[in-house]
Amino acid sequence: MTREIAVVAFAQTDHRRTSDELSEVELLMPVLHQVLDRTGLKSADIGFTCSGSSDYLAGRAFSFTLALDGVGAWPPLSESHVEMDGAWALYEAWTKLLTGEADTALVYAYGKSSPGSLRDVLTRQLDPYYVAPLWPDSVTLAALQAQALIDAGHTDEPALAAVAARSRADAETNSHAQLRGSVPHGDYLVRPLRTGDCPPIGDGAAAVVLAAGDRARQLCARPAWIRGIDHRIEAHSLGVRDLTDSPSTRLAAQRTGAFERPVELAELHAPFTSQEVVLRRALRLGDDVRVNPSGGALAANPMMAAGLIRVGEAAAAVHRGDCDRALAHATSGPCLQQNLVAVLEGDPR
Amino acid sequence: MPHVLKAPLTVEFPFTRSLGPVQSAFLTGLRERVVLGVRATDGRVLVPPAEYDPVTAEEIRDLVEVAATGTVTTWAWNHDPRRGQPLDTPFAWVLVRLDGADTALLHALDVPGPDAVRTGLRVRVRWAAERTGAVTDIACFEPYDGAPDRPGESQGAFADPVRGIVAPARLDYTYSPGRAQTAYLDALTARRIVGERCPSCRKVYVPPRGACPTCGVATAEQVEVGPRGTVTTFCIVNIKAKNLDIEVPYVYAHIALDGADLALHARIGGIPYDQVRMGLRVEPVWTEGARYPEHYRPTGEPDADYDTYKELL
């Protein structure tokens, strides 16, 4: 790798259960303006633009093209889109910057879950031959994983409740979070998961700016350098996988160099409490690592943006000087099917 | 919260999917009450069967029959079944490793309550009464305390194999177009057409979407445009659309409404199709109860000068 690339700015919306009054572009645009303002860049200055979103949330084809209105696509810009979490759009932007074809990139992601029934909408990403015809919803699939973890002795229901309580207590200091403070752990939604073990359903957006080398130093007092980033996928069939483990996360982490030196902070995209248990083990995170000081996805889980927000929160901690080496993780698909890991570092102080 | 429109939006589609040889054999087998797995390159038997080895990515086709009995490897209790799920009474979701298989199949288990299910529970397939060659030919699983079934020796050759499935998908949404488009639709009910002016480039966009696509900034200033406008470009439609009661040929045109900086599109009527031209001045025709102009017709004014609309082509 010859170019150093950093996250130089991050912005996110306040995440809310509904945002009826806003179209997707209206939801997204303030975040785009904020992230550009933080760098002093205008959209015409950006070398590459990449976004993550999903038509299934909106129930309309090519919905992402309307969101481009918020970027200002004139004069014509170099743009791409992933039908996935924005963390994968960030990966694409990172590779684009590595090629040297661009020095800066704008990455954004948004999701409005409020128009549909999210648990049902997410069934449409499952294997269409053997699984989707049964309509197993997203909470169900996470619950199967949680029970497997309990059976394996890796956790129990009180431990899961403690993950939920810690996350939402940490979110007290995150003004963007949807669920903050003391939240009742609630009844079973799909046993063994209670409402408290599950993420809030909400609408939100996020954006980051990436820059390479000296450009990053011009745009940010303390760039969050991406020391490694990698993503891996596992077999789509749940019955082939060991649901208590996440070998794809571990492999991605290994390829990023995450295990070479300890990290101080980890932003894990674990929408369900049980998934934090899996990820902590896969990433070998010790008790001294601060996990999800933002509250994580249990405090706000805007679909397609929550993974990018993990990268953004980790980078922002480096920007602020709260830490020197942070890990960010994003996931997509049922039961942690796809996993992305990035290691971010600030310059030595 | 500002006033916004909302309406139900149902997206429904019967996805027609063709099957590969392994999927075809598996689903045809279910129709015949036979469960087939496929042998992977490491010797494991995968059920449900994959067409490519999950480790080596090699194509695999060595089908082997497994039992209709098996063991629960993990479960989740679903007290509130949702539309489309296998049972409409509370049930357990289970991953079941069938006897003879090395991987697990997702399905439903019919038991009275969560106390009746545990990892390690022995179960067997309950076949659907009518089977078509789909994963739902397994109605569900049920507890079973007998000996493992002895599978037959099918290798997946069946008369009249299933070649495809039709998977209906339906999702229900409540669509809200947001503030800017709500204002546009509200104005239409009063037979007015409003756009929004960009605070930066001053262009008026119609229909407005709340953002200037050129400048990437929010728009808010409403501007009434039209009702008259100019045909900037057009095409002649010669193919009759299904369920559309318009005689062909007809003209579909881009129309720059007076005061707008973006052309919208609509049908041109009230003039023979071969007399429509660039620069033709038109006005909307509303029909009783319509929510938007039925078509646009000539106003009778002289044609607009090319220079007045050339930026809007």
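Residue positions are counted from 1 within each chain, in the order its sequence is given. Throughout, the order in which chains and ligands are written sets their labels, letters from A for the former and numbers from 1 for the latter. Per-residue local features are limited, in this predicted model, to residues with pLDDT of at least 70; the limit for side-chain atom pairs, both in listing and counting, is 80 or more; totals at the level of whole chains, interfaces and linings are taken over all residues. Where side-chain values are given, they derive from all heavy atoms of the structure, hydrogens and water being excluded.

**As for the overall build of chain B**
The way it works is that DSSP assigns letters per residue, a run of H or I at least four long becomes a helix, a run of E at least two long becomes a strand, and they are numbered from the N terminus. Secondary structure assignment for chain B yields 2 helices and 18 strands. Note that the radius of gyration is over C-alpha atoms, with the globule rule given as 2.2 Å times the number of residues to the power 0.38. The C-alpha radius of gyration of chain B comes to 31 Å, more than 25% above the 20 Å expected for a compact globule of 313 residues. Principal-axis analysis of the C-alpha atoms gives chain B an extent of 90 × 45 × 40 Å. Classification of residues uses two cut-offs on accessible area relative to the type maximum, computed with a 1.4 Å probe and protein chains only: under 20% is buried, over 50% is exposed, and between them is partly exposed. With 313 residues in all, chain B has 46% of them scored as buried.

**Quick look at the side chain of A:Gln338**
Along the chain, A:Gln338 falls in strand S12 (residues 338-345). When checking whether two residues touch, look at their non-hydrogen atoms; a contact exists if any pair is within 4.5 Å. Not counting residues up to four positions away in its chain, the partners in contact with A:Gln338 are A:Met84, A:Trp88, A:Arg232, A:Ile233, A:Ala330, A:Thr331 and A:Ser332.

**So, the interface of chain A and chain B**
Chain A puts 52 residues into the contact, and the matching count from chain B is 65 residues. When chain A packs against chain B, close to 4700 Å² is buried across both sides, 60% of that on carbon and sulfur atoms. When two parts are put together, the accessible area they lose, computed with a 1.4 Å probe and summed over both, is reported as buried area. Together, A:Tyr129, A:Tyr130 and A:Leu134 form the three largest contributors to the area buried by chain A at its contact with chain B, with a combined 18%. For this analysis, a salt bridge means a side-chain nitrogen from Lys or Arg found within 4 Å of a carboxyl oxygen belonging to Asp or Glu. Seen at the junction of chain A and chain B, the total is 4 salt bridges. Among the ionic pairs, A:Asp69 bridges to B:Arg209, the shortest N-O distance being 2.4 Å. N or O atoms within 3.5 Å of each other form a polar contact, as long as, within protein, one can give a hydrogen and the other can take it, and as long as residues adjacent in sequence are counted only when both atoms are side-chain atoms. Run the count over chain A and chain B and you get 24 residue pairs in polar contact (both at pLDDT 80 or more). No other element matches the 7 residues that helix H6 (residues 138-151) of chain A contributes to the side of chain A that touches chain B.

**Here's the deal with the sheet that holds strand S3 (residues 45-46) of chain B**
Residues and elements named next belong to chain B. Two strands form a pair only when DSSP identifies at least two bridges running between them. Across the sheet, which stays open at both edges, the 3 strands sit in the order S3-S2-S4 with antiparallel pairing between neighbours. Among the strands making up the open sheet, the edge pair consists of S3 and strand S4 (63-66). Bridge count for strand S2 (residues 35-39) against S4 is 4 bridges, and the pairing is antiparallel. Across the sheet, Gly-37 pairs through a bridge with Val-64, a residue of S4. To get an axis, fit a line to the C-alpha atoms, keeping to the stretch in contact for a helix; angles then go from 0 to 180 degrees between the N-to-C directions. Where helix H1 (residues 21-31) meets the sheet, its contacts fall on S2 and S4, and the angle it forms with S2 comes to roughly 155°.

**Things to note about the UniProt feature "domain: ChsH2 C-terminal OB-fold" (unreviewed entry) in chain B**
Residues and elements named next belong to chain B. UniProt positions are given in the numbering used here, feature names are shortened, and annotations may be inferred rather than shown by experiment. The UniProt feature table records "domain: ChsH2 C-terminal OB-fold" (unreviewed entry) at residues 64-127 and 223-286. Secondary structure within residues 64-127 divides into 0% helix and 50% strand; the distance between the first and last C-alpha atoms comes to 19 Å. The span residues 223-286 carries 0% helix and 47% strand; its end-to-end C-alpha distance comes to 21 Å.

**Let's talk about the nonpolar core**
Take the buried Ala, Val, Leu, Ile, Met, Phe, Trp, Tyr and Cys residues and link them wherever side-chain atoms come within 4.5 Å; each set so joined is a nonpolar core. Residues B:Val35, B:Val94, B:Leu98, B:Leu109, B:Val117 and B:Phe141 are the most contacted members of the largest nonpolar core, which totals 60 residues. Put simply, the parts of the chain that give this core at least two residues each are H6 of chain A together with H1, S4, strand S5 (69-78), strand S6 (91-98), strand S7 (105-109), strand S8 (122-127) and strand S9 (138-143) of chain B. In contact with B:Val117, not counting residues within four places along its chain, are B:Trp75, B:Ala92, B:Val94, B:Leu109 and B:Val111. Among the nonpolar cores identified, the runner-up in size contains 42 residues, and A:Val7, A:Cys50, A:Ala105 and A:Ala315 belong to it.

**Quick word on the domain arrangement of chain B**
In terms of domain boundaries, chain B breaks down into domain 1 (7-170) and domain 2 (226-308). Where each domain starts and ends comes from a domain assignment, either automatic or drawn from a database. Of note, the centres of domain 1 of chain B and domain 2 of chain B, computed from C-alpha atoms alone, are 56 Å apart.

**With respect to the packing of helix H7 (residues 157-170) of chain A against helix H10 (residues 273-282) of chain A**
All names here are of chain A. Axis separation between H7 and H10 bottoms out at 8 Å; the angle between their running directions is 95°. For the element pair H7 / H10, the angle class is roughly perpendicular. Residues Leu-160, Val-163, Ala-164, Arg-166 and Ser-167 of H7 pack against Thr-273, Ser-274, Glu-276, Val-277 and Arg-280 of H10. Here roughly perpendicular refers to angles of 65 to 115 degrees, roughly parallel to angles under 35, roughly antiparallel to angles over 145, and oblique to all remaining angles.

**Some thoughts on the pattern of salt bridges**
All names here are of chain B. All chains considered together, the criterion is met by 50 salt bridges over all chains. Residue Asp-303 is joined to Arg-277 by a salt bridge in which the shortest nitrogen-to-oxygen separation is 2.6 Å. Linking Asp-303 in the segment after strand S18 (295-298) with Arg-277 in the loop between strand S16 (264-268) and strand S17 (281-285), this pair joins segments that are 26 residues apart in sequence. Given a relative accessible area of 35%, Arg-277 falls into the partly exposed group.

**Remarks on the side chain of A:Thr273**
Residues and elements named next belong to chain A. Mapped onto the elements of the fold, Thr-273 is located in helix H10. We classify Thr-273 as buried; its relative accessible area is 0%. Side chain to side chain, Thr-273 and Asp-197 meet in a polar contact 2.7 Å long. Apart from residues no more than four positions distant in its own chain, Thr-273 is found in contact with Leu-160, Val-163, Ala-164, Leu-193, Gly-196, Asp-197 and Leu-298.

**Quick notes on the state of the cysteines**
Cysteine sulfur atoms are paired as a disulfide whenever they come within 2.5 Å of each other. Using the criterion set out here, one finds 0 disulfides over all chains in the structure. Here A:Cys220 is not cross-linked by a disulfide; its sulfur's nearest cysteine counterpart is in A:Cys323, at 13 Å. Take B:Cys201: it sits in no disulfide, and the sulfur closest to it among the cysteines is that of B:Cys198, at 3.7 Å. By relative accessible area, which is 29% here, B:Cys201 ends up partly exposed.

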